[in-house]
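# Coordinate analysis (summary)
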Amino acid sequence: MCYGWHESIPDLNLLITLDVLLEEGSVVRAAKRLRLSPSAMSRALARLRQTTGDPLLVRAGRGLVPTPRAIELRERVSLLVQEAEAVLRPSTALNMAQLARTFTVRTSEGFVENFGSRLIARLYEDAPGVRLHFVPKLEKHSTLLRDGTVDLETGVVGQTVSPEIRSRALFQDRFVGVVRQGHELCLGNVTSARFASGRHVLVSRRGLEKGLIDEALQLVGLERTISTVVAGFSTALFIARTSDLIATVPERHTGCLREGMYSFPLPVDVPEITVSMLWHPRHDADPAHRWLRQCVKDICTF
């Protein structure tokens, strides 16, 4: 069979049919969802094949499997249908007093400990019925945002973030050194040599033995002693508070956690980081989600 492109404007109603077909992977199930006969759905699939120039779904045993082109289109088509439905849906004013919803936010322990209470109080002012569910950020991937398990995420936008994910910068942060009160680094100028000569606690979720600080020290011919590796900044600060170890943490991200400790600028050049919030485009037009994003932006601005 030859699949060709017709110059005429394609029937945009086929997008809905394609979305359901790619989701179901079955002509019969797709027909049932759209309340069509299997023969009508088969004809629609034939039109889609002719329009896209690709077979889309091919037989494998008793079932159908998507072609590479169909896999490529699946998420794009789903987003197009969702956005079209949002455009055509009647606009209704958001009643904050009656809003009852749970938002799942994926973030680090440090963000929750430093910003969590203020965010909860900010949400409660407008919508007492809203609840936050914080979940830990154990890995850097966008799967939970894409499948809807997580509504919002905070962190540094990296190469592992899917290209369709939306992001908005919250604040710039720099790394600082932190020690307990009475530590020898509390007195005098903290030079790179004094800093490197101490014993350190390294933060690495992946259990790495070196980090950005080690790379910066290496550039000036120095090496530090790492006595322990932990998975989070709050743990690193707890250890530094109760020992002679030196912790290196983001300044704004750990403001509340560093109270009662001595913080100092790093004596080596380490790039600042940009902490952002991330979400899936399916939530762009959701008034409640837009309100949540603005609340997060507000509490991180001050």
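This write-up is about the structure you can find in this document. (Residues numbered from 1 in each chain as written. Predicted model: local features only at pLDDT ≥ 70, side-chain atom pairs only at ≥ 80, totals over all residues. Heavy atoms only, no water.)

Moving on: the packing of helix α5 (residues 109–126) against helix α10 (residues 287–301). Orientation of α5 relative to α10, taken along the N-to-C sense of each, is 125 degrees, at an axis distance of 9 Å. Compared by their axis directions, α5 and α10 come out oblique. α10 is crossed by α5, and the crossing has right-handed handedness. Residues F111, F115, R118, L119, R122, L123 and D126 of α5 form the contact with α10, whose own contacting residues are W291, L292, C295, V296, D298, I299 and C300. (Axes fitted to C-alpha atoms, helices over the stretch in contact; angles between N-to-C directions. Helix = DSSP H or I, 4+ residues; strand = E, 2+ residues; numbered from the N terminus. Parallel < 35°, antiparallel > 145°, perpendicular 65-115°, else oblique. Left-handed = near helix turned anticlockwise from the far one by under 90°. Contact = heavy atoms within 4.5 Å.)

Turning our attention to the pattern of salt bridges. Scanning the entire structure with this criterion turns up 16 salt bridges. For E72, the salt bridge is made with R69, and the minimal N-O distance between the two is 3.4 Å. Remark: R69 and E72 occur in helix α4 (residues 68–88); sequence separation between them is three residues, near one turn of the helix. Between R174 and E251 there is a salt bridge, with the nearest N and O atoms lying 2.8 Å from each other. On the criterion of sequence distance, the pair formed by R174 in the loop between β6 (166–173) and β7 (175–179) and E251 in the loop between β10 (246–250) and β11 (262–265) is long-range, its members being 77 residues apart. Note on E251: relative accessible area 27%, which makes it partly exposed. A single salt-bridge network, built from bridges that share partners, covers E23, E24, R29 and R33. (Salt bridge = Lys/Arg side-chain N within 4 Å of Asp/Glu carboxyl O. Buried < 20%, exposed > 50% of the residue type's maximum accessible area, 1.4 Å probe, protein only.)

Okay, the packing of helix α1 (residues 14–24) against α4 next. Two packed helices can be described by the angle between their axes and the distance between those axes. Viewed as axis vectors pointing N to C, α1 and α4 meet at an angle of 125 degrees, and their least axial separation amounts to 9 Å. As summarised for this structure, α1 and α4 are arranged oblique, according to the angle between their axes. Along this stretch, α1 crosses α4, giving a crossing that reads as left-handed. In this structure, α1 uses L15, I16, L18, D19 and L22 to contact α4, whose residues at the interface are A70, L73, R74, V77, S78 and V81. Broken down by class, the residue content of the contact of α1 with α4 amounts to eight nonpolar, one polar and two charged. (Nonpolar A, V, L, I, M, F, W, Y, C, P; charged D, E, K, R; others polar.)

Okay, the sheet that holds strand β8 (residues 199–203) next. Taking strand neighbours across the sheet as the criterion, the five strands line up as β9-β8-β10-β7-β11 in an open arrangement whose pairing is mixed. The open sheet has two edge strands with one neighbour each: β9 (225–230) and β11. Adjacent strand axes in the sheet meet at a mean angle of 35 degrees, parallel and antiparallel pairs treated alike. Relative to β10, β7 is paired through four bridges, and the arrangement is antiparallel. The residue of β10 that forms the bridge with V178 is A247. Seen against the sheet, helix α9 (residues 233–241) touches β7, β8, β9 and β10 and runs at an angle of roughly 150 degrees to β10. (Pairing = 2+ DSSP bridges.)

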